[in-house]
Amino acid sequence: MVVSLRRRSLSRLVFLACCAVFARLVLYPAFVPATTRSSNDYQIEEQNFIERATRADKSLNVQKYRFLQSRLGRDERDDMMSDVVRNGINDYWERFQMPYMVSRESSSMDAQHVLNSIDQLLSLNGWVAALCPTLTRPFGQNRREDNYDDLVKDGQLYYIAIVIHSADHFLVDQLAVIVQLAKRLGPNNIFVSMLDYESTDSTETLTDLCEGVLILLGVPFRIRRVPAMTEDPAAAYYPLEEAHMRNLALEPLRELQSKRDIDFHRVIWLKGFTCPTDILETIRVSYANEAAMVCGMDWAEHNGFFIFSDRWRTRDIEGDQFRQSKSSSKSDAVPPRDANGAARYAQHLPFQAFCCEAGTHVVDPAQSYYKGIQYRAGTGYQNLSRAESLPVRDADAPCLDSSQAYFCRDLWVRTARDAVAAMDLEHDVAGEGKMRAKRAVAYEPQEGIIEVAASDPLMLVAREEPAKPAKADDDVDRRQAGGVAPDPDANAGSDYDAMPEEDTDEIAPLPVDDDDRMSIPNSVFTPARILVNPRCPTTYAGVSHTQLARDLFGDGDEEETRVGKYVLDDWEGAPESFICQEQRTTGGRKAPKTQRRMGFSIHEELQRLVV
Ligand SMILES: *[C@@H]1O[C@H](CO)[C@@H](O)[C@H](O)[C@H]1NC(C)=O
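Residues numbered from 1 in each chain as written. Predicted model: local features only at pLDDT ≥ 70, side-chain atom pairs only at ≥ 80, totals over all residues. Heavy atoms only, no water.

Peer 1: Go over the pairing of strand 8 (residues 305-308) with me, naming the residues and quoting the values.
Peer 2: Direction of pairing for strand 7 (residues 293-302) relative to strand 8: antiparallel, over a ladder of four bridges. Residue His 302 lies in a different strand from strand 8, and its bridge partner there is Phe 305. Hairpin connection of strand 7 to strand 8: two residues between the antiparallel strands, including Asn 303 at a positive phi of 50°. (Pairing = 2+ DSSP bridges. Helix = DSSP H or I, 4+ residues; strand = E, 2+ residues; numbered from the N terminus.)

Peer 1: Describe the packing of aromatic side chains, with residues and values.
Peer 2: This structure, assessed with the given rule, holds 19 aromatic pairs. Taking 6.3 Å as the distance between ring centres and 75° as the angle between the ring planes, the aromatic pair formed by Tyr 345 and Phe 351 counts as edge-to-face. A relative accessible area of 10% means that Tyr 345 is categorised as buried. For Phe 351, a relative accessible area of 1% corresponds to the buried category. Measuring from ring centre to ring centre gives 5.9 Å for Phe 354 and Trp 412, while their planes differ by 35°; the resulting arrangement is tilted. Here Trp 412 lies in helix 11 (residues 403-429) and Phe 354 lies in strand 10 (residues 351-355), a separation of 58 residues in the sequence. Pairwise contacts between aromatic rings join Trp 299, Phe 308, Phe 322, Tyr 345 and Phe 351 into one cluster. A cation over an aromatic ring shows up here: Arg 246 above the ring of Tyr 375, its NZ or CZ 5.4 Å from the ring centre. Across from the ring centre of Phe 305, 3.8 Å away, lies the NZ or CZ of Lys 326, which sits over that ring. (Phe/Tyr/Trp six-rings, centres within 6.5 Å; stacked < 30°, edge-to-face > 60°. Buried < 20%, exposed > 50% of the residue type's maximum accessible area, 1.4 Å probe, protein only. Lys NZ or Arg CZ within 6 Å of the ring centre and 35° of its normal.)

Peer 1: A description of a negative patch on the surface should follow, citing residues and the corresponding values.
Peer 2: A cluster of acidic side chains, namely Glu 318, Asp 569, Asp 570 and Glu 572, defines a negative patch on the protein surface. By the secondary structure assignment, Asp 570 is in the loop between helix 14 (545-553) and strand 14 (577-583). When its relative accessible area of 64% is taken as the criterion, Asp 570 is described as exposed. (Patch = residues over 30% accessible without salt bridge, like charges linked within 9 Å, V, L, I, M, F, W, Y side chains within 5 Å. Areas by Shrake-Rupley, 256 points an atom, 1.4 Å probe, with all protein chains shown as cover. Salt bridge = Lys/Arg side-chain N within 4 Å of Asp/Glu carboxyl O. Lys, Arg positive; Asp, Glu negative; His and termini not counted. Charge placed at Lys NZ, Arg CZ, Asp CG, Glu CD.)

Peer 1: Summarise the site of the ligand; cite the residues concerned and give the values.
Peer 2: Around the ligand, a shell composed of Thr 230, Ala 235, Tyr 237, Tyr 381, Asn 383, Ser 385 and Arg 386 is seen. Contact distances for the ligand include 2.8 Å between a nitrogen atom and a backbone N or O atom of Ala 235. One of the side-chain N or O atoms of Tyr 381 is found 3.3 Å from an oxygen atom in the ligand. Considering the ligand on its own, with 360 Å² of exposed area, one finds that the protein chains cover 64% of that surface. The residue inventory of the shell around the ligand, partitioned by class, reads three nonpolar, three polar and one charged. (Near = heavy atom within 4 Å. Polar contact = N/O pair within 3.5 Å; in protein donor to acceptor, adjacent residues only side chain to side chain. Nonpolar A, V, L, I, M, F, W, Y, C, P; charged D, E, K, R; others polar.)

Peer 1: Which residues make up the state of the cysteines, and what values go with them?
Peer 2: Covalent bonding between the sulfur atoms of two cysteines is what defines a disulfide. Inspection of every chain in the model, using the stated rule, returns four disulfides. With its sulfur 2.0 Å from that of its partner, Cys 295 forms a disulfide with Cys 356. For the disulfide bridge between Cys 295 and Cys 356, the dihedral angle about the S-S bond is near 75°, and by the sign convention the bridge is right-handed. Of this pair, Cys 295 sits in strand 7 while Cys 356 is found in the loop between strand 10 and strand 11 (361-363), placing the two residues 61 residues apart along the sequence. According to the relative accessible area criterion, Cys 295 is buried, its value standing at 0%. Sulfur-sulfur distance for the disulfide between Cys 355 and Cys 408 comes to 2.1 Å. Residues Cys 355 and Cys 408 are joined by a disulfide whose S-S torsion is about 70°; by sign, that bridge is right-handed. A residue pair is termed long-range when its members are at least 10 positions apart, and Cys 355 in strand 10 and Cys 408 in helix 11 qualify at 53 residues. Considered together, Cys 355 and Cys 408 belong to a single accessibility category, that of buried residues. For the protein, the bonded cysteines pair up as 1-2, 3-5, 4-7, 6-8 when numbered in the order they occur along the sequence. (Disulfide = S-S within 2.5 Å.)

As structure tokens, this is what we get:
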């Protein structure tokens, strides 16, 4: 079974590689090797005067705009087999292609070849993705015919972002997912941004493959390889790297907007492996709720069970960490700890969260990136390789957690701020300028962050919890169970960087002293719409997908028309405090973490922005 699967996989790879070479030779006979192209070819061209005046073509037409398919930072160094490969290609070209491409008649044959290849490619299922139609889903999604027309009926555009950090074992399946999405959404309605962050495995070769396939399918893309921020992994600060990688992966998004006026409707971050229809459904959930972010749920195999596995970045709507639940867990031990979330989870319905990432997630750029929110990380960490002493940090110093956690807090604050500004504007328009002065929260458009005095009585006092050593062995086990050779820094699931479960239950909520609290409660502010869609599982190599689907969704025979299936009626405000799990030192992804519960006041965050 394994052998035949491998052989089939291999023959698929060979087939894909042939397609890729073929595509380059036939579709772009004049394809110029990347090194000889001028660097301008990679830049997204600004609209010229006429284009702007005539409101011209905003489509992602790769035939018309060559710069929509670009490759940056390809490793051009020759390796052992380069000569052999080059000779083979030339030989093939000169003996089998050139002689037949002399007349019009033969060119139609070649076009037919290309069309056939494209047809074959569009049925590309990948290894895990091929299983997807057979997996159970609670509302019979997989049995129903649904072509997701609603997702493109108004010409919506989708931006697919992938960061690859030595995680080649996902890439072919992720490519299969992209091909499936291209098939449903249309190749000209998506843009694919792949960022290879100094991978040391076969990612380089596989991105060549992706490039070939995307060229053949006419999908716009930018595939880019970048060096690591710091050469020595031990001197790296992971949250900073995370932010750096994601911002780079988003560069074309910003360029396409600023230079060509092209707005995307949703950004899809592919992580691990997620079934294409689950992603499409998650996009639908995102629209139905006008959500800023909708995440899937991340499940990893662990000692024969599947456990929820993004506990570093995910917080429920009360600010607590998700449980490291098994996929088969009963309703009192499901991942979200808050009652509402747990109840909706049990019904397989989307539920609200304070923060999430958990594998594949869908972000509305209009509520985030287009407003200028970028990924960022804390700055008060200690650089161990500089032998500097641990900076003295106040008890209420900002939490040095993941860049996603920063992103979520930025979403909450920004949403609140914009709602306040909109309200102020309404009051002004209605001639009620005085109302504005009375409002506790003033809004000024300029941003300037100032330090809040440590003695500020409004600040909740954070409590420290001792760190326990991370269980590094578990991750190695998990990856070995998946049949993947252990890579010291491979991207083996979102939980790779989490603290073990036992450390988290002991932290009680901060006591809230009502007398001292003069701050406006978070519940007053317009909430950021962050949701988790439990019907969108993300998994990793080695997971038995059929069993996981059964654990999560039973036989999948539930009624199909459930009221409020997608839409959340009540949105809660942000929690007054959250579990902060921070990396205070450099040391790469696995640097030790400490944990504390920390206050979160939107009012105070807004005041910082105003002054
Ligand atoms: C830590 O210090 C080293 C040596 O000065 C430097 O190379 C590295 O970039 C620093 N790391 C971070 C994350 O600032």
